[in-house]
Amino acid sequence: MKILLIGDIVSRLGRKTVSELLPSLKDELSIDFVIANAENLAGGRGATVETLDEMMQAGVDYFTSGDHIFWGEEVEEILEDEGMRVLRPANFPNDVLGRGCTVIETDDYKLGIINLIGKTFETPPVGATDVFRKADEIIEDIGTGFPIVVDIHSEFTSEKVALAYYLAGRVSMVAGTHTHVGTIDARILENKTGFVTDLGMVGPYDSVIGVDKNIIIQKSKYPYPQKFEWVKTGTAVFNAVLVEVDNKGKCVQIDRVDRIIP
Ligand SMILES: [Fe+2]
Ligand SMILES: [Fe+2]
């Protein structure tokens, strides 16, 4: 089974890039399943029914998310309706909207998707519990021996690397998200678990994580609050990782799929 993992899709330019690129990429690379991080899908803050539909039309099969998913106006609708296919990090308490794990079974395959969030952020996620123990709990519940993909949404590189080694042999792939910067370390760890520290993003290339660079420069230089503006036109970046997993859940191949679209 070949699974494409797409980094955080940022705003309008991110969606446009996925719509233009993904259908041909699926053919070219014989992709069976596509997972994308949707936390910045709609105007950079959360996702909406319309933007999720747009991405499903383009070929995304399931969505993970992170800290920003709760900022969207339709958060209840998209997280509570399983038909929207959006996970939020599983290590939030049970009374937080949505769910953090799914197991999809069809005639052709069985696939588990787990979404987790790290604890070290500029604004730490309120209520998030220990990511390692939550992963243990979920894996004990759903079992192993079939393809399982984990999205660890985290700012902290060492936390992602440590989690990947911790889960090696129990899941097929551990993919980091959130920083919007793709890392070059995609590799297969011991016991055939694929890993990358960060998938990156799909969105404006000439920006700081998708936001107008001048706003972030001002925000970094002065203590004044800044209103974020997401770059809507220009060159786009597409960051993803393609993993090939056997039916026992072992990762047999991992490759970065990165494109710059002028
Ligand atoms: Fe993000
Ligand atoms: Fe995030």
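Each chain carries its own residue numbering, running from 1 in the direction its sequence is written. Naming scheme: in the order in which they are written, chains are lettered from A and ligands are numbered from 1. Given that this is a predicted model, residues contribute local features only at a pLDDT of at least 70 and side-chain atom pairs are listed and counted only at 80 or more, while totals for whole chains, interfaces and linings are drawn from all residues.

Engineer: Which residues make up the packing of helix α1 (residues 11-28) against helix α2 (residues 49-58), and what values go with them?
Structural biologist: In contact at an axis separation of 8 Å, α1 and α2 are set at 20 degrees when each is read in the N-to-C sense. One way to sum up the angle between α1 and α2 is to call them roughly parallel. Note on packing geometry: the crossing formed by α1 with α2 is left-handed. On the side of α1, the interface is formed by Arg15, Val18, Ser19, Leu22 and Pro23, while α2 contributes Thr51, Glu54, Met55 and Ala58. Gly falls in the polar group here, along with every residue not listed as nonpolar (Ala, Val, Leu, Ile, Met, Phe, Trp, Tyr, Cys, Pro) or charged (Asp, Glu, Lys, Arg). When the residues that make up the contact of α1 with α2 are grouped by side-chain class, the tally is 5 nonpolar, 2 polar and 2 charged. Orientation is described by lines fitted to C-alpha atoms, with helices fitted over the stretch in contact, and by angles between N-to-C directions that extend from 0 to 180 degrees. Numbering of helices and strands runs from the N terminus; a helix is a DSSP stretch of H or I covering at least four residues, while a strand is a stretch of E covering at least two. Roughly parallel covers angles under 35 degrees, roughly antiparallel covers those over 145, roughly perpendicular covers 65 to 115, and oblique covers all other angles. By definition, turning the near helix anticlockwise from the far helix through less than a right angle yields a left-handed crossing, and turning it clockwise yields a right-handed one. Each residue is represented by a C-beta atom placed from its backbone, and any two residues with such atoms within 7 Å are regarded as in contact.

Engineer: Got a sec to walk through the sheet that holds strand β10 (residues 193-196)? Specific residues and values, please.
Structural biologist: Taken together, the 6 strands give an open sheet; going across it, the order is β5-β6-β7-β8-β10-β9, and neighbouring strands pair in mixed fashion. The sheet is open, and its two edges are formed by β5 (101-105) and β9 (187-189), each paired on a single side. Averaged over all neighbouring strand pairs, the angle between strand axes comes to 20 degrees, with direction disregarded. Examined bridge by bridge, strand β8 (residues 173-177) and β10 share 3 bridges and lie parallel to one another. Within β10, the residue paired with Met173 across the bridge is Gly194. Against the sheet, helix α4 (residues 131-142) touches β5, β6 (110-117) and β7 (148-153), its axis set at about 160 degrees to β6. Strands qualify as paired when DSSP identifies two bridges or more between them.

Engineer: Please set out α2 residue by residue, giving values where relevant.
Structural biologist: Three exposure classes are used, based on other C-beta atoms lying within 10 Å of a residue's own C-beta, which is placed from the backbone: buried for 20 or more, exposed for 12 or fewer, and partly exposed in between. Along α2, the positions that sit buried rather than exposed are Thr51, Leu52, Met55 and Ala58. Viewed end-on, α2 has its buried residues packed into an arc of 120 degrees, placing them on one side of the element. In this structure, α2 carries Glu50, Asp53 and Gln57 as exposed residues pointing more than 90 degrees from its buried face. Considering only its buried residues, α2 is in contact with β2 (8-9), α1, β3 (33-37), β4 (62-64) and α3 (75-80). One or two residues past the end of α2 sits Gly59, with phi positive at roughly 120 degrees. By arc we mean the arc of the directions from the helix axis to the C-beta atoms, nothing more.

Engineer: Could you give me a rundown of the UniProt feature "binding site: Fe cation 2" (unreviewed entry) in the protein chain, with the residues and numbers involved?
Structural biologist: In the numbering used here, UniProt assigns the feature "binding site: Fe cation 2" (unreviewed entry) to Glu39, Asp67, His153 and His178. A compact arrangement is adopted by the annotated residues: their sequence extent is 140 residues, whereas the largest C-alpha distance between any two is 10.2 Å. Note that His153 resides in strand β7. Excluding residues within four positions of it along the chain, His153 makes contact with Gly66, Asp67, Pro89, Leu116, Ile117, Gly118, Thr177 and His178. Note that His178 resides in the loop between β8 and β9. Note on His178: 27 C-beta atoms within 10 Å, which makes it buried. What His178 contacts, discounting residues up to four positions off in sequence, is Gly66, His153, Ser154 and Glu155. UniProt positions are given in the numbering used here, feature names are shortened, and annotations may be inferred rather than shown by experiment.

Engineer: I'd like a rundown of the UniProt feature "active site" (unreviewed entry) in the protein chain, residues and numbers included.
Structural biologist: Mapped onto this structure's residue numbering, the UniProt feature "active site" (unreviewed entry) falls at His68. Its location among the elements puts His68 in the loop between β4 and α3. Not counting chain neighbours up to four residues away, the residues in contact with His68 comprise Glu39, Asn40, Arg45 and Gly46.

Engineer: A description of the nonpolar core should follow, citing residues and the corresponding values.
Structural biologist: Formed by 75 residues in total, the largest nonpolar core has its most connected members in Leu5, Ile6, Val150, Val174 and Val241. The element contributing the most residues to this core is strand β12 (residues 236-245), with 8 residues. In this structure, Leu5 is in contact with Ile35, Val149, Ala175, Leu199, Ala240, Val241 and Val243, ignoring residues within four places of it in sequence. By definition, a nonpolar core groups buried Ala, Val, Leu, Ile, Met, Phe, Trp, Tyr and Cys residues that connect through C-beta atoms lying within 7 Å of each other.

Engineer: Quick rundown of the pairing of strand β1 (residues 2-6)? Include the residues and the values.
Structural biologist: Within β1, 4 of the 5 residues are buried, which leaves it mostly tucked inside the rest of the structure. Pairing of β1 with β12, which is carried by 5 bridges, proceeds in the antiparallel orientation. By the bridge assignment for β12, Ile6 is matched with Ala240. As defined by bridge partners, β1 adjoins β3 across 4 bridges and the pair is classed as parallel. Looking at the pairing, Leu5 lines up with Ile35 of β3.

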